[in-house]
Every structure is written in C-alpha cells, then in structure tokens.
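Analysis of the macromolecular model
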Amino acid sequence: AIDPEFEDNREVVEEHDGHDVWGPVEEPETLGIHGTHVAVDFDICIADGACLEDCPVDVFEWVDTPDHPESEIKADPAHEDQCIDCMLCVDVCPVDAIDVDPG
Ligand code: SF4
Ligand code: F3S
Ligand code: ZN
C-alpha cells in the first residue's frame, strides 16, 4: 500500500502536469508517487481503473507508462485540485495505491 507518510519519507523530484512527483524515480521501472492531496503510487497501481470510474469529479486521467512492471498505464491525479474528499477512490482501489489527505 501507499505510504501515508510519504511527504515525510520522500522528496519531490519533478513536476508532472501541474502536480508534484515524489521520488525515487528511475524510469521505466520506478515511477514514484504522483500528486500530493490526491496521491497515487505509480509503482503500486495495476491500472484497475476503479478510481477513474468512480471519482465524481474526474480527478484522474490515464497516462502511459511503457515497460513498468505492474502496468503500462497509470491513474494520474491530473485534477487533484478538484477533489471533494469523498474518499471513494481510496476505498475502491484494490491495491491501496491512493492516499487522499483531507485538510
Ligand atoms: Fe475523486 Fe473522491 Fe478520490 Fe477526491 S477522494 S479523487 S473526489 S474519488
Ligand atoms: Fe490504479 Fe488503483 Fe486506480 S490500481 S487505476 S489507482 S483503482
Ligand atoms: Zn502525474
């Protein structure tokens, strides 16, 4: 599961589409955590898609991650600023790849 303390345990190493990426990042096999308020651990995501289907405000968008060992697409929190903290995505992700931190 994603580390709920990732902000203490990792460092921002790059930006992607307006949000932070928390390292380490070593493409293609290590991709880090995308986002801060809505954080998705790309190294855990298996592209289940439940988060994209269930988010009521369409926070997530698919991004291509060719040659990643878990899946070749990931749910990117492209619109994390729109999140209404319903926590559905956290509940439905089968591999607990998502952390949402209200407040
Ligand atoms: Fe979308 Fe709710 Fe997850 Fe926020 S907590 S990203 S609104 S499903
Ligand atoms: Fe990935 Fe979990 Fe969404 S596996 S696609 S973050 S439901
Ligand atoms: Zn991203």
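Residues numbered from 1 in each chain as written. Chains lettered and ligands numbered in written order. Predicted model: local features only at pLDDT ≥ 70, side-chain atom pairs only at ≥ 80, totals over all residues. Heavy atoms only, no water.

Turning our attention to the pattern of salt bridges. Enumeration over the complete set of coordinates arrives at one salt bridge. The closest approach of N and O atoms between D41 and R10, which form a salt bridge, is 3.7 Å. Of this pair, D41 sits in strand β4 (residues 38–41) while R10 sits in the loop between α1 (6–9) and β1 (12–16); the two residues are 31 residues apart in sequence, bridging distant segments of the chain. (Salt bridge = Lys/Arg side-chain N within 4 Å of Asp/Glu carboxyl O. Helix = DSSP H or I, 4+ residues; strand = E, 2+ residues; numbered from the N terminus.)

Before going further, it helps to examine the coordination of the zinc ion (ligand 3). For the zinc ion (ligand 3), every protein donor is listed as H16 (ND1), H19 (NE2), H34 (ND1) and D76 (OD), and the spread of their distances is 1.9 to 2.2 Å. In this structure, the zinc ion (ligand 3) is surrounded by four donor atoms whose angles at the metal cover 101 to 119 degrees, and the resulting shape is tetrahedral. (Donors = N, O, S within 2.8 Å, 3.2 Å for Na, K, Ca; no water. Tetrahedral: all angles 85-135°; square planar, octahedral: opposite > 155°, others 65-115°.)

With omega at 5 degrees, the peptide bond leading from G23 into P24 counts as cis. Examined against the element boundaries, P24 turns out to sit in the loop between β2 (19–22) and β3 (33–34). A positive phi angle is found at D85, which is not glycine, with a value near 60 degrees. Note that D85 resides in the loop between β6 (73–76) and α3 (88–92). The exposure class of D85 is partly exposed, given its relative accessible area of 29%. For D96, which is not a glycine, the phi torsion comes out positive at approximately 50 degrees. Tracing the chain through its elements places D96 in the loop between α3 and β7 (98–100). Look at D96 and you get partly exposed, because its relative accessible area is 41%. (Buried < 20%, exposed > 50% of the residue type's maximum accessible area, 1.4 Å probe, protein only.)

Looking now at the site of ligand 1. Close to ligand 1 lie 14 residues; C55, C83, C86, M87 and C89 are nearest. Its residues assigned to classes, the shell around ligand 1 comprises 13 nonpolar, no polar and one charged. (Near = heavy atom within 4 Å. Nonpolar A, V, L, I, M, F, W, Y, C, P; charged D, E, K, R; others polar.)

Along the polypeptide, E80 turns up in the loop between β6 and α3. For the buried residue E80, which engages in no salt bridge, the nearest side chain bearing the opposite charge is R10, 14 Å off. Among the polar contacts listed, one links the side chain of E80 to the backbone nitrogen of T36, at a separation of 2.8 Å. Separated by 3.1 Å, the side chain of E80 and the backbone nitrogen of H37 make a polar contact. Apart from residues lying up to four places away in sequence, E80 is in contact with H19, G35, T36, H37, V38 and V59. (Lys, Arg positive; Asp, Glu negative; His and termini not counted. Polar contact = N/O pair within 3.5 Å; in protein donor to acceptor, adjacent residues only side chain to side chain. Contact = heavy atoms within 4.5 Å.)

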